[in-house]
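# Descriptive structure summary
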Amino acid sequence: MTTTSRREALKLFAAAGGVAALTPAAFARAADPVFLDYAAASADDPWTLIVRDAPSQGFDGQAELINGRLPDGFAGTLYRNGPGRFSRQDWRYRHWFDGDGFLQSWQIGQDGINHRGRFIQTDKWQTEEAAGRFILPALGSVPPNPGGLSGPDDMNVANTSVLLLGHELLALWEGGSAWSIDPDTLDSRGARRWGQGLDGVPFSAHPKREPGSGIIWNFGQDASSERLVLWKIAPDGTLLNAGLVNDVPGGMIHDFVITERSLVFLVGSYRFQQMRLPFIESFQFDPEAPMRAIAVDKDDWSVRRSWDLPPGFLFHFGGAWEETDGTIRLDAALSQDARFAMAGAYDVMRGHAETDTDAQSRHMQVTLSPGGRSRIEALGDAYIEFPQIDPRQTGLRRRETWHVAWDADQPRGANRIERRNLHTGARDGFDHGAHVYVEEPLFVPAAADAAEGEGWIVHTALNALAQRTELHLFNAQQLADGPVASWRLPYACPFGFHGCWRSA
């Protein structure tokens, strides 16, 4: 468990390195150009539905089967989390990542699919919903006449991912507490409390679950102080350990990977410079700063290895494994710079597609060898994101990764689902067509004891032609054959970021 000294340090960590000391200046209210741009774009462009405000009361509906049939025995709930409220009083957030968390559940069974969407009732959401306006600064935006901050949870939107922890669902964000949710009703229960002085300490959006033991690993970042907090949690939600790792460059770390022996972080060249509001302006891309790979020993967090890689940036990994000699192999969606975080996510809020595709992410395999040696190899020419693996292979040697994909002439995002064999390079995929924009896929094993890769790929998408949200189910080994079943909601939902699956 944490030592007393660690507990004291973690309490300081919860102040987010000085965010609480920043009070944004008030400014005069004027016509908002971002709101006006989005209103104009959305009048005749259904692609903009991906960042449309969800209704405050949420959604309740049933999906219509439009193709195929549900495979026998396939049943469970798909949870998806992402931003869902972007504007109030004719003022609109500047950055996509700022929207208040909107959680969706797709309950799938032989009787059909029931869909539900609810806003996550964070303290921020409740305060601003009652006031009818945005009050608190967000990651990339400062609203008119803002209030001050007393800590990172003041701006917690719980909008990035979800984690099933025992009988609890956690809505995750980057900079503060996980938010506890009832997995059946989607009712919010409040910030997750771990005890030991850890309230408000960042609990990031991509925890990893070990196959077999079910132990969950996660981290939080204090970029301004160049340190991480590591979390080790039992399958039932009991905190096993938490502690600090210092001397980790402040590189806006969003994801990590595990092996059987190590926790592996890849720190991009988008580095913390000076605390500012909005907080994202505290970071700048440094083309001279190498990416830094850091492997922390699971059993002794003071033991670490590091490698320098060419400058770059990433949001998401596929997975990783470690050879007997300590060589680590991982795959990730790597880009040359942080163009999307710095500009593309602002463009989307205006209803504009990103036009600069030169630095978008490609599928790369990274080899980290003993002695600081490293190698990066491209696995394909297409742009890719949201790489996913068979969760039973987390941290283990494996063959395959699934992801979304698009080409340079598709600036509005992904239309394809693909599978790639990491050892042979073989690729399988399905193109939904120009009017369907796909979201993150999830792999659902066919059975607990099925062979690696035997299972299903499930993903949601916006059908811009129908102006409705869809759900598609594929045989994971036969993507090119098309969906085995597809459903459509009677409405369109804003895009989510990440999700998880609960079997029936």
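Use the structure listed above.
## Some words on the pairing of strand β27 (residues 427-431)
When strand β26 (residues 416-421) meets β27, the two strands line up antiparallel, connected through 5 bridges. Of the residues in β27, the one forming a bridge with Arg-420 is Arg-427. The turn linking β26 back onto β27 is made up of 5 residues, and Gly-425 within it adopts a positive phi angle of 85 degrees.

## Details of the nonpolar core
Judged by nonpolar contacts, the single largest core of 37 residues is most densely connected at Ile-50, Val-51, Trp-96, Phe-97, Tyr-270, Phe-283 and Met-349. For this core, the elements supplying multiple residues, two or more each, are α2 (33-42), β17 (270-272), β18 (283-285), β21 (313-322) and α4 (339-349). With 4 residues, α4 is the largest single contributor of residues to this core. Core analysis: the second largest hydrophobic core is formed by 24 residues, Ile-113, Ala-485, Tyr-491 and Cys-493 among them.

## Some points on the state of the cysteines
Following the criterion strictly, the structure yields 0 disulfides and no others. Cys-493 takes part in no disulfide bond, and the closest cysteine sulfur to it belongs to Cys-500, at a distance of 17 Å.

## Remarks on the packing of aromatic side chains
All chains considered together, the criterion is met by 29 aromatic pairs. Measuring from ring centre to ring centre gives 5.0 Å for Phe-313 and Phe-315, while their planes differ by 80 degrees; the resulting arrangement is edge-to-face. According to the relative accessible area criterion, Phe-315 is buried, its value standing at 15%. Through successive ring pairs, a cluster of aromatic residues spans Trp-96, Phe-97, Tyr-270, Phe-272, Phe-279, Phe-283, Phe-313, Phe-315, Phe-340 and Phe-497. In this arrangement the basic side chain of Lys-208 is found over the ring face of Phe-256, its NZ or CZ atom lying 5.9 Å from the centre.

## Describing the sheet that holds β27
Strand-to-strand pairing in sheets goes through backbone hydrogen bonds, with the strands running parallel or antiparallel. The antiparallel open sheet is built from 7 strands, whose spatial order is β21-β22-β23-β24-β25-β26-β27. If you trace the sheet from one side to the other, it starts and ends with β21 and β27, each paired once. When strand polarity is set aside, the average angle formed by the axes of neighbouring strands in this sheet is 30 degrees. For strand β25 (residues 400-406) and β26, the ladder comprises 6 bridges, and the chain directions are antiparallel. Bridged to Ala-405 within β26 is Arg-416.

## Let's talk about helix α3 (residues 123-131)
Inspection of α3 places Lys-124, Trp-125 and Glu-128 among the buried residues, and these make up the whole buried set. The arc that holds every buried residue of α3, seen down its axis, measures 95 degrees, which confines them to one face. Turning to α3, the residues buried within the fold contact β2 (76-85), β3 (87-88), β5 (100-109) and β6 (112-119). Immediately beyond the C-terminal end of α3, within one or two residues, lies Gly-132, with a positive phi of roughly 75 degrees.

## Side note on the environment of Ser-374
With respect to the helices and strands, Ser-374 occurs in strand β24 (residues 373-388). Put simply, Ser-374 and Val-267 are 107 residues apart on the chain and 15 Å apart in space, counted from C-alpha to C-alpha. If near-sequence neighbours (up to four positions away) are discounted, Ser-374 is found in contact with Trp-307, Asp-308, Leu-309, Thr-367 and Leu-368.

## Structural notes on α4
Residues that lie three or four places apart on an α-helix share one face, since the helix turns once every 3.6 residues. Of the residues making up α4, those classed as buried are Ala-341, Ala-343, Gly-344, Ala-345, Val-348 and Met-349. In this structure, the buried residues of α4 make contact with α2, β4 (91-92), β17 and β21. Directly beyond the C-terminal end of α4, a positive phi value near 85 degrees is found at Gly-351.

## Let's talk about the pattern of salt bridges
Side chains carrying opposite charge are able to pair once their charged atoms draw close together. Applying the stated rule across the entire model yields 34 salt bridges. A salt bridge links Arg-69 to Asp-72, with the shortest nitrogen-to-oxygen separation between them at 3.0 Å. Residue Arg-399 pairs with Glu-452 through a salt bridge whose shortest N-O separation is 3.5 Å. In this pair, Arg-399 is assigned in the loop between β24 and β25 and Glu-452 in the loop between β29 (442-445) and β30 (455-463), connecting sequence segments 53 residues apart. Since its relative accessible area comes to 16%, Glu-452 is described here as buried. Among the charged side chains, a salt-bridge network with shared partners connects Asp-407, Arg-416, Glu-418 and Arg-427.

## Thoughts on unusual backbone geometry
Here the residue pair Leu-277 and Pro-278 is connected by a cis peptide bond, since its omega of 0 degrees sits within 30 degrees of zero. The backbone phi angle of Gln-467 is positive, close to 55 degrees, even though this residue is not glycine. Summarising the element assignment, Gln-467 is placed in the loop between β30 and β31 (468-475). Here Gln-467 falls in the partly exposed class, since its relative accessible area comes to 40%.

## Re the pairing of strand β23 (residues 362-369)
Counting buried positions along β23 yields 7 of 8 residues, so the element is predominantly enclosed. Note: strand β22 (residues 328-335) against β23, 7 bridges, orientation antiparallel. Each bridged residue has a counterpart across the sheet, and for Leu-334 the counterpart in β23 is Arg-362. Note: β23 against β24, 7 bridges, orientation antiparallel. Opposite Arg-362, over in β24, you have Tyr-383 as the bridge partner. Counting the residues between successive antiparallel strands, the hairpin from β23 to β24 contains 3 residues, one of them, Gly-371, with a positive phi of roughly 80 degrees.

Thresholds applied
- Residues numbered from 1 in each chain as written.
- Predicted model: local features only at pLDDT ≥ 70, side-chain atom pairs only at ≥ 80, totals over all residues.
- Heavy atoms only, no water.
- Pairing = 2+ DSSP bridges.
- Helix = DSSP H or I, 4+ residues; strand = E, 2+ residues; numbered from the N terminus.
- Core = buried A, V, L, I, M, F, W, Y, C linked by side-chain atoms within 4.5 Å.
- Buried < 20%, exposed > 50% of the residue type's maximum accessible area, 1.4 Å probe, protein only.
- Disulfide = S-S within 2.5 Å.
- Phe/Tyr/Trp six-rings, centres within 6.5 Å; stacked < 30°, edge-to-face > 60°.
- Lys NZ or Arg CZ within 6 Å of the ring centre and 35° of its normal.
- Axes fitted to C-alpha atoms, helices over the stretch in contact; angles between N-to-C directions.
- Arc of directions from axis to C-beta.
- Contact = heavy atoms within 4.5 Å.
- Salt bridge = Lys/Arg side-chain N within 4 Å of Asp/Glu carboxyl O.

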